[in-house]
Amino acid sequence: MAEIQEGVIMAADAVKLFVGQIPKHFTQEQLLTVFREAGNVCEINIIKDKATKQSRGCCFLTYATRKEADNAINSFHNKRTIAPVNSPLQVKYADGELERLEHKLFIGMLPKSASDADIKAVFSRFGTIKELQVVRGSQQATKGCAFLKYETKEQAMAAIEAINGIHKMEGSTTALVVKWADTEKERQARKVQKSQAITAGAVTGIAPQQPSLFGAVPQGYIANTTPFNGYAYQAAGAYGMLPYAVPAVQNQAMNIPGLGTTNLTPVQSVGYLNSGYANVTGLQYPLAYQGALVGQGVVNPTYGTTGTAVSLSPAAVAASTQKTN
């Protein structure tokens with residue numbers, strides 16, 4: 001930033017404007033010649049590209065007073081064009097300037113029974129209230145907060161110092177929260193942070209897992225127990241990578257094709273029966289046959305690879321074998 005006009009001191013009331021659509025070859029002196037028509041210019045800061053150090057065709061312009069800044073907006077915005085740029089100048093308040101100049105406060109922890117008159121009675125002691133906006137829900141019920149604008153910055157600062165965390169309104173057990181209202185830029189930044197936090201939580205909150213035939217239940221190879229007759233099997237009550245309890249089947253009637261209705265008796269769930277795959281030492285297959293170990297023999301695959309454990313009598317096994325053959 002550079003000081004432009006001699007004798008012009010930049011005070012707290014100075015106002016910064018953003019100016020767009022200016023020629024990229026313009027210097028500070030050339031810009032000053034144009035914009036001093038509206039008032040005393042304190043500073044001009046040409047915005048440049050970080051890599052090339054060339055002007056990006058815009059700048060920040062600071063006037064000594066708000067009146068002069070408003071005069072510049074009214075005189076130049078969408079009304080003046082500087083050749084060789086064909087588009088009109090864009091002149092507006094820089095981010096956060098308007099909120100700062102309006103001396104806008106946020107008031108929190110208001111009792112829901114508080115009316116506009118109650119709030120004004122507390123805050124009017126410190127200066128002239130230009131505007132009061134109580135935040136309400138869909139049913140016009142207050143949400144316990146409001147926005148208030150004072151005529152001057154000194155009045156707003158006095159209210160913050162005297163009320164914030166100190167004063168309790170009638171009907172409330174908590175002191176009021178009084179602070180400067182967030183600017184639009186701060187509100188947008190908070191939205192971005194919230195969105196990023198939600199995204200990060202969603203990513204870290206879900207553990208990566210292998211696809212499963214059973215939806216949410218992940219599968220995978222795990223260490224097996226001692227092989228039975230040369231075939232790997234898993235311990236009862238365990239499936240894949242997430243062990244779970246296997247309920248016993250008791251006195252349930254089931255219609256088995258070719259065998260008719262059969263009463264089931266409680267059995268212990270074990271692993272593969274006469275698996276067609278070669279045994280792998282230390283590993284097991286991801287799907288287990290929930291049946292009983294009845295010895296070496298061929299069982300019709302119609303009776304399932306997974307599911308409720310059943311106990312077949314020797315006669316039923318023989319009949320199944322003959323039918324298969």
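For clarity, every value in this text was computed on a predicted model and none was experimentally measured.

Regarding unusual backbone geometry
Phase 1 of the analysis: The step from Ala-83 to Pro-84 runs through a cis peptide bond, and the omega angle for that step is 10°.
Phase 2 of the analysis: Relative to the helices and strands, Pro-84 resides in the loop between helix H2 (66–76) and strand S5 (90–93).
Phase 3 of the analysis: A positive phi is found at Gln-21, a non-glycine position, where the angle reads about 65°.
Phase 4 of the analysis: Checked against the element boundaries, Gln-21 lands in the loop between strand S2 (15–20) and helix H1 (28–35).
Phase 5 of the analysis: We classify Gln-21 as partly exposed; its relative accessible area is 34%.
Phase 6 of the analysis: Even without a glycine there, the phi angle at Met-109 is positive, about 65°.
Phase 7 of the analysis: Looking at Met-109, the relative accessible area reads 40%, which means it is partly exposed.

Remarks on the packing of aromatic side chains
Phase 1 of the analysis: A full pass over the atoms with the stated rule returns three aromatic pairs.
Phase 2 of the analysis: The ring of Phe-60 carries Lys-16 above its face, with NZ or CZ at 5.3 Å from the centroid.
Phase 3 of the analysis: Lying across the ring of Phe-147, Lys-104 places its NZ or CZ 4.8 Å from the centre.

Brief notes about the pairing of S2
Phase 1 of the analysis: Both S2 and strand S4 (residues 55–63) contribute to a ladder of six bridges, which runs antiparallel. Note that in S4 the partner of Phe-18 across the bridge is Phe-60.
Phase 2 of the analysis: When S2 meets S5, the two strands line up antiparallel, connected through four bridges. For Gly-20, the partnering residue across the bridge sits in S5 and is Gln-90.

What counts, and where the lines are drawn
Residues numbered from 1 in each chain as written. Predicted model: local features only at pLDDT ≥ 70, side-chain atom pairs only at ≥ 80, totals over all residues. Heavy atoms only, no water. Helix = DSSP H or I, 4+ residues; strand = E, 2+ residues; numbered from the N terminus. Buried < 20%, exposed > 50% of the residue type's maximum accessible area, 1.4 Å probe, protein only. Phe/Tyr/Trp six-rings, centres within 6.5 Å; stacked < 30°, edge-to-face > 60°. Lys NZ or Arg CZ within 6 Å of the ring centre and 35° of its normal. Pairing = 2+ DSSP bridges.

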